[in-house]
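# Summary of structural features
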Protein chains: 2
Amino acid sequence: MVRRIEAVSVVEAVGDDIRGRLFAGELVGGTALTEAIVAEEYGVSRSTAKAAIEKLTAEGLLQRDAHKPARVPVLDADDVRDVYRTRMRLESEAIRELAAARSVPPAATEANARVRATGAAASIDSVEPDMRFHAALVVALESPRLERMYLSLVDEVRLCMAQVQGRRLLDVQQIADEHQQILDHIAAGDADAAVQCLHGHLTRASDRLIAALAAAP
Amino acid sequence: MVRRIEAVSVVEAVGDDIRGRLFAGELVGGTALTEAIVAEEYGVSRSTAKAAIEKLTAEGLLQRDAHKPARVPVLDADDVRDVYRTRMRLESEAIRELAAARSVPPAATEANARVRATGAAASIDSVEPDMRFHAALVVALESPRLERMYLSLVDEVRLCMAQVQGRRLLDVQQIADEHQQILDHIAAGDADAAVQCLHGHLTRASDRLIAALAAAP
DNA sequence: CTATGTAAACTTGTCGGACAACGGCGAGAG
DNA sequence: CTCTCGCCGTTGTCCGACAAGTTTACATAG
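Residues numbered from 1 in each chain as written. Chains lettered and ligands numbered in written order. Predicted model: local features only at pLDDT ≥ 70, side-chain atom pairs only at ≥ 80, totals over all residues. Heavy atoms only, no water.

### Details of the protein's contact with DNA strand C
Defined as follows: Nearness here has a simple test: a residue counts as near a molecule or strand if at least one of its heavy atoms is within 4 Å of that partner. Distance and chemistry together define a polar contact, namely a pair of N or O atoms within 3.5 Å, with one atom able to donate a hydrogen and the other to accept it when in protein, and with adjacent residues in sequence counting only for side-chain atoms on both sides. Segments assigned H or I by DSSP are reported as helices when at least four residues long, segments assigned E as strands when at least two residues long, and all are numbered from the N terminus. Residue polarity is assigned by list, with Asp, Glu, Lys and Arg as charged and Ala, Val, Leu, Ile, Met, Phe, Trp, Tyr, Cys and Pro as nonpolar; anything else, Gly included, falls into the polar class.
Surrounding DNA strand C, one finds 18 residues, the nearest of these being Val10(A), Val11(A), Thr48(A), Arg46(B) and Lys50(B). Near-protein atoms of DNA strand C (within 4 Å) split between backbone and bases, with sugar and phosphate holding 72%. Contact between DNA strand C and Val10(A): a phosphate oxygen at 2.3 Å from a main-chain N or O atom of the residue. Separating a phosphate oxygen of DNA strand C from a side-chain N or O atom of Thr48(A) is a distance of 2.8 Å. Where the surface near DNA strand C is concerned, the elements lending two or more residues are α1 (10-23) and α3 (46-59) of chain A together with α3 (46-59) of chain B. Ranked by residues supplied to the surface near DNA strand C, first place goes to α3(A) with three residues. Here the surface near DNA strand C is built from residues that sort into four nonpolar, seven polar and seven charged.

### Looking at the packing of helix α5 (residues 106-117) of chain B against helix α8 (residues 172-188) of chain B
Residue and element names in this part refer to chain B. Our working definition: Note on method: axes are straight lines fitted to C-alpha atoms, helices fitted across the in-contact stretch only, with angles between N-to-C directions ranging 0 to 180 degrees. An angle below 35 degrees is treated as roughly parallel, one above 145 as roughly antiparallel, one from 65 to 115 as roughly perpendicular, and anything else as oblique. Note on convention: the crossing is left-handed when the near helix lies turned anticlockwise from the far helix by less than a right angle, right-handed when the turn is clockwise. In what follows, a contact means two residues having at least one pair of non-hydrogen atoms within 4.5 Å.
With their axes 9 Å apart at the nearest point, α5 and α8 run at an angle of 160° to one another. Our classification of the angle between α5 and α8 gives roughly antiparallel. Like other packed secondary-structure pairs, α5 and α8 cross with a definite hand, here left-handed. For the pair α5 and α8, the contacting residues are Ala108, Thr109, Asn112, Val115 and Arg116 in the first and Val172, Gln173, Ile175, Ala176, Asp177, His179, Gln180 and Leu183 in the second.

### Topic: unusual backbone geometry
All names here are of chain A. Threshold: Buried, partly exposed and exposed residues are distinguished by accessible area as a fraction of the type maximum, computed with a 1.4 Å probe on protein chains only: under 20%, between the cut-offs, and over 50%, respectively.
If you check the backbone angles, His67 has positive phi at about 70° while not being a glycine. Note that His67 resides in the loop between α3 and β2 (70-71). Judged by relative accessible area, His67 falls into the exposed class, the value being 86%.

### A few points about the side chain of Thr118(A)
All names here are of chain A. Tracing the chain through its elements places Thr118 in the loop between α5 (106-117) and α6 (127-139). Residue classification places Thr118 among the buried positions, given a relative accessible area of 11%. When sequence neighbours within four positions are dropped, the list of residues in contact with Thr118 reads Asp125, Ser126 and Val172.

### Considerations on the relation of the copies chain A and chain B
Inclusion rule: Least-squares superposition aligns the copies on the C-alpha atoms of those residues with pLDDT at or above 70 in both.
Once chain A is rotated about the relating axis by 180° and shifted along it by 0.0 Å, it coincides with chain B to within an RMSD of 0.0 Å. Such a combination of turn and shift is consistent with a two-fold rotation axis. When you check the interface residues of chain A against chain B, 100% turn up at the interface there too, and the contact is symmetric in its surfaces.

So this is what it looks like as structure tokens:
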């Protein structure tokens, strides 16, 4: 057992907290985050506030153009579509490779069990295990670069979710069933079928999100 | 004809120049880039030097851990393999989608013409059109996020090339032929065959690079 | 001789203040 | 009504400073 500790710099701490507020929906799309405001809110210098903002901007969680304050991006239908299309591409490849090896990532089955264990009452609590399921597929390939790319996408997905906060999107049991189908196809080595399932799964999610988005503002 | 101009900030300018030096092989792997050195070299303050370094670090072109100077990464065989595996994943997906639509990106055929036009004498001059060919496949999907991911990979590829500078890697005509095969399969709608070609194409390139890398130091 | 401990030099992290440049907005001139 | 000018907020960049962490060299103890 390794005891892990980690010392985070101030700009990291500030960045992480803002990220949290973004995902929690506390910072709604369009909100302006000036360096001065962030600096004062956290009691840090403008330099570190600037650094934190630029870090988040590089991650795609904030938008900013020169000489203007950073803003929480407002994701429109096109953005959601692109995010989910890109997700699909990465996950498809992951699934193909896993199916070729007929290897089902244990982390994925475990995560899906948690999805199913989620009471139907609280569908919000199911999004975290859901994310973990999908991430497990990509992580299983053990490719640092692919993983980094996928995780940056996940952040944007969380941003989408925050924008339609708490809205019940899909039936939890149905989601779990679809996940299981994908795993079954992988185990059977049927890449095309697995990809097909994923395609439907993500397309439905994307459509629901876009619909919820259109209803929100 | 629109005359495009662009005003870049100082940190951008510094970052771009360092990037250029990295790609030119002027900064060899392992070199330490302290904030003070960069600041003095470009006659800027340490703050902006710091920002430039952090930007490049975020792009993966420099490595750095806390309280230590940034270093030009030394890419080993595993890195090259991962970069090319990831390339393959993104490009495979691109090819599949293009083949499904039987749409051959004009930019790709054009870039490949340039590859073929490269005299056999200067194989170094062929890497730029070669990159453009591969990038054209991904860009054709018109997905901002996928494109951004791919371009970050391209940067790492250029870093690899810089580490084995000028080494003749593959026969230019063979490369052009392989590209053409891929395009033909796309035109025919045969995704699997196209992916198969790409697989061989990139695997050969990766192997050559790794071999050259092993011979270099 | 090795190992330990310590001091010095170097590097980064963060701060505060300063000023120029850029963007937006409203008041006043035409 | 439109255009211009100037004010104000915001960012870009610089400087100087100090704390904290890292590395190196060295001296000392075993």
